[in-house]
Amino acid sequence: MRKAIPVLAALGLIAVVVLGAVGVTFIQRYTPSKEAADLSEVWNVEGNEIALLYNYELQETKGLYENGESYLPISWVNEHINKRFYWDEGEQLLVYALPDQIVYADLSTMGSSGAPLLLLKENEVYLTLGLVSNYTNVQISAFDSAEAKRIFVTDWGARETAKVKRDGAVRELGGIKSPILTNVAKGQTVTVLETMEKWSRVATEDGCIGYIENRRLEEPSVIEFTGNFTEPVYESTRLEEKIVLGWHQVTSPEANGQLEQVVSAAEGLNVIAPTWFSLTDNEGNYRSLADREYVEKAHEMGLQVWALLDNFSNQVQTEVLLSSTSTRRKLINSLIADAAAYDLDGLNMDFEGIKEEAGVHYIQFLRELSIACREEGLILSVDNYVPTASNQFYDRKEQGIVADYVIVMGYDEHYAGGEPGSVASLEFVRSGIENMLKDVPKEKLINGVPFYTRLWTETLEGVESKALGISAAKKWIEENDVELYWQEPLGQYYGEHQTEDGIQYLWMEEEDSLREKMDLIREHDLAGVACWKLGLEDAAAWDSIRWQ
């Protein structure tokens, strides 16, 4: 019996140790951690960097805190929330085009706080939050008094929120052992970003994003958030009637004398666009073939005159020309002066083949030109290719805001140097219209139709083509006794002819194919039709172009 006592004591001691260990383990496992998270590490910032969150997602890009102000990089602002902030690197000038004025700032421009509105750091321009918020319809919340500074940029709209019903910790990750980002008190409101079984990811009023136990939140509800920002209104000058525009290719002063001839059969035409202005260098100079007498005659015929400006000269690098604010201003002033001198009704911009890096400068030019046109009551129209992934930088959506009319050139589906085919098949035209309508309102969209086709010749050496107007193509068909076949999917006639040189193919543009295109234009209730070019067609073509 005496020998059993030490054994029992030993067993009891072991039991105590085991129970103690279990208790410690239990406490360690189920007692919430009070460890505070390192916010600088969480937001990945150091020094004067500011973490940037857009719609509650942390961005790789960072802001800066200097002079007691928070700044956002213009490249990020342009990409995500406001592309109208334009930085002229050569002239070190910030340009912002409103509907009725242009606002300028440089590196010496001070804000109301006495700090610079702009910073230039390692080839990146930074804008103060105040400057961004003055022109941008987003919610911006800055938490820049803490050591780990951050800025929340959020689009307005519906968000899920919840009241806190019990004080609690918001942790870096779900789980009571995760470090604490911040604490919330009963009655505060959090934005619920994601709800899981036991935890929710939330954004707090003091600018933290983390996880809180669901049992500490009331039932979430959806609230619509709106600001008091007033979007700028871009008033448009447009005709009350549908547009029927004809481009008149003028390559010499003598060609102006052909006005009566090229419009003689053009029943229903109400706008003529002579190709008068052509850029000649990178300094904003252009060749002009404008003629006051031409305009007077056109007006007597009931036609508006929208003079065209092109960039076709090999001496013009559009990305260089339009990247200078001073050069854009010079060009715009010259155009407006000529519009007054010749009593023009509008201007038509036909910039083709520009490089992608020119896109941002081109759209800035259109913004600034639209202001001058608006002031003078001139109609601004802009010509565009059929939309493809490779020409998105023409920014058709912004064109649809600042310009009065946007024209899609619904032709050149198959072009010189390419594979044989239709210049403008029905599906090509339909696709062009529908893709343009994704960016441009129908009351501003004009569809361009061709008064020409291409005659393709296939030989042993390859394929070549030449453009034929409708009248010339009909003459070729008659002279060669070519039998035409209607191709329903293409909405046009097709014919071929065997010669000693090879086989010739032609997808015909004439009154029936034009009627099919006009049906599409009417179906989509577009603003009008534009025809390239006057003088290539016959009278029958105009029977199809009529709106009625």
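Up top is the structure.
All values derive from a computational prediction rather than experimental measurement.

**Focus: helix α8 (residues 325-341)**
Between its terminal C-alpha atoms α8 stretches 24 Å, which fits the 24 Å expected from 17 residues at 1.5 Å a residue. Buried residues of α8: Thr325, Thr327, Arg328, Leu331, Ile332, Leu335, Ile336, Asp338 and Ala339, and no others. Summarising the axial view, the buried residues of α8 lie within an arc of 165°, below the 170-degree limit, and thus occupy one face. A positive phi of about 60° marks aspartate 343, the residue just after α8.

**Brief notes about the packing of aromatic side chains**
Taken as a whole and assessed by the stated rule, the structure comprises 21 aromatic pairs. Residues tryptophan 486 and tyrosine 493 carry aromatic rings whose centres are separated by 4.7 Å and whose planes lie at 70° to one another, so their mutual orientation is edge-to-face. When its relative accessible area of 29% is taken as the criterion, tryptophan 486 is described as partly exposed. Across the ring face of tyrosine 65, the terminal group of lysine 149 is positioned such that the distance to the ring centre comes to 5.0 Å. Directly above the ring of phenylalanine 225 sits arginine 159, whose terminal nitrogen or CZ lies 4.4 Å from the centroid.

**Some words on the layout of surface pockets**
Empty space within the largest pocket amounts to approximately 590 Å³. In terms of lining residues, the largest pocket is bounded by 26 residues, among which Glu352, Met409, Tyr411, Asp412 and Trp532 are the most central. Of all the secondary-structure elements, those providing two or more residues to the lining of the largest pocket are β22 (304-310), β24 (379-385) and β27 (452-459). Along the lines of polarity and charge, the residues of the lining of the largest pocket split into 13 nonpolar, six polar and seven charged.

**Concerning the pattern of salt bridges**
Inspection of the entire model under this criterion finds 23 salt bridges. Here arginine 367 and glutamate 398 are joined by a salt bridge, their closest N and O atoms 2.8 Å apart. Of this pair, arginine 367 sits in helix α9 (residues 359-376) while glutamate 398 sits in helix α10 (residues 396-402); the two residues are 31 residues apart in sequence, bridging distant segments of the chain.

**Side note on the packing of α8 against α9**
Orientation of α8 relative to α9, taken along the N-to-C sense of each, is 35°, at an axis distance of 10 Å. Along this stretch, α8 crosses α9, giving a crossing that reads as right-handed. Between α8 and α9, the residues in contact are Arg328, Leu331, Ile332, Leu335 and Ile336 and His361, Gln364, Phe365, Glu368, Leu369, Ala372, Cys373 and Glu376, respectively. When its residues are assigned to classes, the contact of α8 with α9 shows eight nonpolar, two polar and three charged.

Cut-offs and rules
Residues numbered from 1 in each chain as written. Predicted model: local features only at pLDDT ≥ 70, side-chain atom pairs only at ≥ 80, totals over all residues. Heavy atoms only, no water. Helix = DSSP H or I, 4+ residues; strand = E, 2+ residues; numbered from the N terminus. Expected span 1.5 Å × (residues − 1). Buried < 20%, exposed > 50% of the residue type's maximum accessible area, 1.4 Å probe, protein only. Arc of directions from axis to C-beta. Phe/Tyr/Trp six-rings, centres within 6.5 Å; stacked < 30°, edge-to-face > 60°. Lys NZ or Arg CZ within 6 Å of the ring centre and 35° of its normal. 1 Å grid on protein atoms, 1.4 Å probe; cavity = no way out; pocket = protein on both sides within 12 Å on 5 of 7 lines; lining within 4 Å. Points joined across faces, edges and corners; volume = space filled by probe spheres on them. Nonpolar A, V, L, I, M, F, W, Y, C, P; charged D, E, K, R; others polar. Salt bridge = Lys/Arg side-chain N within 4 Å of Asp/Glu carboxyl O. Axes fitted to C-alpha atoms, helices over the stretch in contact; angles between N-to-C directions. Left-handed = near helix turned anticlockwise from the far one by under 90°. Contact = heavy atoms within 4.5 Å.

The values are spatial; any link to function lies outside them.
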